[in-house]
Amino acid sequence: MLDSVTTPISLEDMKLHLRVDHDHENVYIESLTMVAIALCEGRLFRSFTEVQAEYGYLPTPLVSWIKLATLEMYAQRRLATEKSLTMSPFSDHLLEKYIDYSKGV
């Protein structure tokens, strides 16, 4: 279950973004959201806790990236065994300002 303390997006918000109005995929949507969060933190080379400590909140572009990544994984779920996740190059621009280049790249 998505925890509002550790997760910036509620299940209800994610379902609204995905345009899902049933409950039988709740666990699946939650797991995709957690994967998107882990991917985002990996690309930033830091945790959301560190980002929140720096900014005092989780910036909207990061929340938007998580929603986009979750949407892509949800839309491509039947293709998961055929190819890796592909996202619009635009979406990665949402992260640029928040990447800690001292820890990676």
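Report follows, based on the coordinates.

### A word on helix α1 (residues 11-18)
The periodicity of an α-helix, 3.6 residues per turn, causes residues three or four places apart in sequence to face the same way.
Here is step 1 of the chain: For α1, the complete set of buried residues consists of L11, M14, K15 and L18. Down the axis of α1, the buried set is contained in an arc of 100°. They therefore lie on one face. Away from the buried face of α1 by more than 90 degrees, exposed residues E12 and L16 are located.
Here is step 2 of the chain: Check the buried side of α1 and you find it contacts α2 (26-44) and α4 (60-75).

### Concerning the side chain of T70
Here is step 1 of the chain: Position of T70 relative to the elements: it lies in helix α4.
Here is step 2 of the chain: Under the relative-accessibility criterion, T70 is labelled buried at 0%.

### Points about the packing of aromatic side chains
Two measures describe an aromatic ring pair: the distance that separates the ring centres and the angle between the ring planes.
Here is step 1 of the chain: Inspection of every chain in the model, using the stated rule, returns three aromatic pairs.
Here is step 2 of the chain: Taken together, a centroid distance of 6.4 Å and an interplanar angle of 45° make the contact between Y28 and Y74 tilted. Highlighted residues: Y28 in helix α2 and Y74 in helix α4, separated in sequence by 46 residues.
Here is step 3 of the chain: Ring centres 5.4 Å apart and planes at 70° place the aromatic pair Y55 and Y98 in the edge-to-face group. One end of the pair, Y55, is in helix α3 (residues 48-55); the other, Y98, is in the segment after α5 (89-93), and 43 residues separate them in sequence.
Here is step 4 of the chain: Aromatic ring contacts, followed pair by pair, group Y55, Y57 and Y98 into a single cluster.

### Let's talk about the packing of α1 against α4
Here is step 1 of the chain: At a minimum axis separation of 10 Å, α1 and α4 run at an interaxial angle of 60°. Classified by the angle their axes make, α1 and α4 are oblique. Handedness of the crossing formed by α1 with α4: right-handed. Residues M14, H17 and L18 of α1 form the contact with α4, whose own contacting residues are I66, K67, L68, T70, L71 and Y74.
Here is step 2 of the chain: For the contact of α1 with α4, the residue count by class is six nonpolar, two polar and one charged.

### Brief notes about the packing of α1 against α2
Here is step 1 of the chain: Axis separation between α1 and α2 bottoms out at 10 Å; the angle between their running directions is 95°. The angle between α1 and α2 falls in the class roughly perpendicular. For the pair α1 and α2, the contacting residues are L11, M14, K15 and L18 in the first and N26, I29, E30 and T33 in the second.

Thresholds applied
- Residues numbered from 1 in each chain as written.
- Predicted model: local features only at pLDDT ≥ 70, side-chain atom pairs only at ≥ 80, totals over all residues.
- Heavy atoms only, no water.
- Buried < 20%, exposed > 50% of the residue type's maximum accessible area, 1.4 Å probe, protein only.
- Helix = DSSP H or I, 4+ residues; strand = E, 2+ residues; numbered from the N terminus.
- Arc of directions from axis to C-beta.
- Contact = heavy atoms within 4.5 Å.
- Phe/Tyr/Trp six-rings, centres within 6.5 Å; stacked < 30°, edge-to-face > 60°.
- Axes fitted to C-alpha atoms, helices over the stretch in contact; angles between N-to-C directions.
- Parallel < 35°, antiparallel > 145°, perpendicular 65-115°, else oblique.
- Left-handed = near helix turned anticlockwise from the far one by under 90°.
- Nonpolar A, V, L, I, M, F, W, Y, C, P; charged D, E, K, R; others polar.

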